[in-house]
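Descriptive analysis of the structure
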Amino acid sequence: MEHPATTSRPSGPPPTAPWTLPGIGLLKGLAVTATNMIQSYYRKDRMTTVQYPEERATISPNFRNFPFLVYDGSDAMAGLRCTACSICENECPPQCIYIVLDRDENGKSLKRPKVFDIDVSVCMNCGICAEVCPFDSIYMDGEYELSTSDRFGGLLFNKQRLARSTDYHAQLRPLQAAEVAARRKADEDKKLAAQAAKEAKAKADKEAKEKAAKEQAAPE
Ligand code: SF4
Ligand code: SF4
């Protein structure tokens, strides 16, 4: 008996591919290249070359480079949120953060950094410092034009160099800054409400004590 596979095979010569002009594939490829090149002069989505430094490409919202320190208000040093807790210093993988806690004349912590340095020549842009900070103090910057011929001094950023305003943060990372601002405001409102409740309770206790004292002192 004949094998089923051989019975369905068509008889006659095998089909041939349609005839094409030699080199047509090459011409099609060149046409695509030419279209892309011409469109790159006027179509924004195809303008992949930027005339740097006269022009700058928009950086991705998630682009990160080196960290910066956030401050509230207009005085960068007085408004730094950093409490010098040293969590980021301990967690930084290449150990490029150096912090010295500021203290008063009695040695009491002032909960602010006297020294806060980051050696950005060592920083590996991992963002761990920003992730672990419990005080919303340190975030990753998008600044990338940092070339310097001063290999050591020029890349050791102190707290003055690292300080950035809340407006800067809001402009750089609007969603993150808005979320942080809302959370900090909610925390502040909670703290104020707790303080007001404490004061009201103290006042009520005082009044109750005064009333009891008056009643005791009154003649029977
Ligand atoms: S981004 Fe990473 S390497 Fe750079 S300072 Fe922060 S924790 Fe250290
Ligand atoms: S930046 Fe944050 S984690 Fe680092 S020392 Fe300051 S408060 Fe602590």
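Residues numbered from 1 in each chain as written. Chains lettered and ligands numbered in written order. Predicted model: local features only at pLDDT ≥ 70, side-chain atom pairs only at ≥ 80, totals over all residues.

**Describing the domain arrangement of the protein**
Which entries qualify depends on this criterion: For the domain bounds, the source is a domain assignment made automatically or taken from a database. For every residue pair, C-beta atoms are placed from the backbone, and the pair is scored as a contact if these atoms sit within 7 Å. In this text, helices come from DSSP runs of H or I with a minimum length of four residues, and strands from runs of E with a minimum of two, each type numbered from the N-terminal end. Ten residue types, Ala, Val, Leu, Ile, Met, Phe, Trp, Tyr, Cys and Pro, are classed as nonpolar, four, Asp, Glu, Lys and Arg, as charged, and the remainder, Gly among them, as polar.
Taken as a whole, the protein is organised into domain 1 (67-172) and domain 2 (173-204). Taking only C-alpha atoms, the centre of domain 1 and the centre of domain 2 are 25 Å apart. Of the residues lining the interface, 6 residues belong to domain 1; the matching set on domain 2 comes to 5 residues. The leading source of residues in the side of domain 1 that touches domain 2 is helix H6 (residues 166-172), at 4 residues. Among the residues forming the side of domain 1 that touches domain 2, the class breakdown is 3 nonpolar, 2 polar and 1 charged.

**Focus: helix H2 (residues 24-39)**
For clarity, the threshold we go by: Under the convention used throughout, the expected extent of a helix is 1.5 Å for every residue step, that is, one less than its residue count. The exposure label follows from counting other C-beta atoms within 10 Å of a residue's C-beta, where the C-beta atoms are placed from the backbone and the thresholds are 20 or more for buried and 12 or fewer for exposed, leaving partly exposed in between.
End to end, H2 covers 22 Å across 16 residues, agreeing with the expected 22 Å (1.5 Å per residue, within 8%). The element H2 is largely exposed, with a buried count of 0 among its 16 residues.

**Thoughts on the site of ligand 1**
Spelled out, the test is: The criterion for a residue being near a molecule or strand is simple: its C-beta atom, placed using the backbone, must lie within 6 Å of it.
Surveying the vicinity of ligand 1 reveals 14 residues, the closest of which are Cys92, Cys123, Cys126, Ile128 and Cys129. Classifying every residue of the shell around ligand 1 by side-chain character gives 12 nonpolar, 2 polar and no charged.

**As for the site of ligand 2**
The environment of ligand 2 is made up of Cys82, Thr83, Ala84, Cys85, Ser86, Ile87, Cys88, Ile99, Cys133, Phe135, Ser137 and Ile138. Along the lines of polarity and charge, the residues of the shell around ligand 2 split into 9 nonpolar, 3 polar and no charged.

**Focus: the nonpolar core**
Basically, it comes down to this: The nonpolar core is taken to be a set of buried Ala, Val, Leu, Ile, Met, Phe, Trp, Tyr and Cys residues joined by way of C-beta atoms within 7 Å.
If you look at the biggest cluster of nonpolar residues, it comprises 24 residues, and the most contacted ones within it are Leu69, Cys88, Ile97, Ile118, Cys129, Ile138 and Leu162. Where this core is concerned, the elements lending two or more residues are strand E1 (67-71), strand E2 (97-103), strand E3 (109-119) and strand E4 (138-140). When residues in this core are grouped by element, the largest group, 4 residues, is from E1.

**Considering the sheet that holds E3**
In plain terms, the rule: Strands are treated as partners if at least two bridges between them are detected by DSSP.
The 3 strands lie next to each other as E2-E3-E5, forming an open sheet whose pairing is antiparallel. Only two strands of the sheet have a single partner each, and these edge strands are E2 and strand E5 (156-157). Strand direction decides the pairing type here: E3 and E5, joined by 2 bridges, are antiparallel. Following the sheet pairing, Asp119 is matched in E5 by Leu156.

**Side note on the pairing of E2**
Pairing of E2 with E3 involves 6 bridges; the strand directions are antiparallel. Within the sheet, the bridge partner assigned to Val100 lies in E3 and is Val115. If you look at the hairpin formed by E2 and E3, you'll find 5 residues sitting between the two strands, and Gly107 has a positive phi there, around 85°.

**Topic: helix H7 (residues 174-217)**
Because each turn of an α-helix spans 3.6 residues, side chains separated by three or four positions end up pointing in the same direction. Compared with an ideal rise of 1.5 Å per residue, which puts 44 residues at 64 Å, H7 spans 64 Å between its outermost C-alpha atoms and is within 8% of the ideal. Across the 44 residues of H7, 0 count as buried, placing the element largely on the outside.

**Thoughts on the sheet that holds E4**
Definition in use: Axes here mean lines fitted to C-alpha atoms, for a helix over just the part in contact, with angles spanning 0 to 180 degrees between N-to-C directions.
Read from one edge of the open sheet, 3 strands run E4-E1-E6, paired in mixed fashion. Both outer strands of the open sheet, E4 and strand E6 (163-165), are each paired with one neighbouring strand and no more. Direction aside, neighbouring strands of the sheet carry axes that sit 50° apart on average. In this structure, E1 lies alongside E6, joined through 3 bridges in parallel fashion.

**Overview of the pairing of E1**
Residues in a regular strand point their side chains to alternate faces of the sheet. Burial of E1 is extensive: 5 of the 5 residues sit out of reach of the surface. On E1, burial covers both faces: Pro67, Leu69 and Tyr71 on one face and Phe68 and Val70 on the other are all buried. Note: E1 against E4, 3 bridges, orientation antiparallel. Bridging across to E4, Pro67 finds its partner in Met140.

**A few points about the environment of His169**
Tracing the backbone through its elements, the reader meets His169 in helix H6. With 21 C-beta atoms packed within 10 Å, His169 lands in the buried category. Along the sequence, His169 and Arg183 sit 14 residues apart, while their C-alpha atoms lie 15 Å from each other. Dropping the residues within four chain positions of it, His169 is found in contact with Val70, Tyr139, Arg164 and Ala177.

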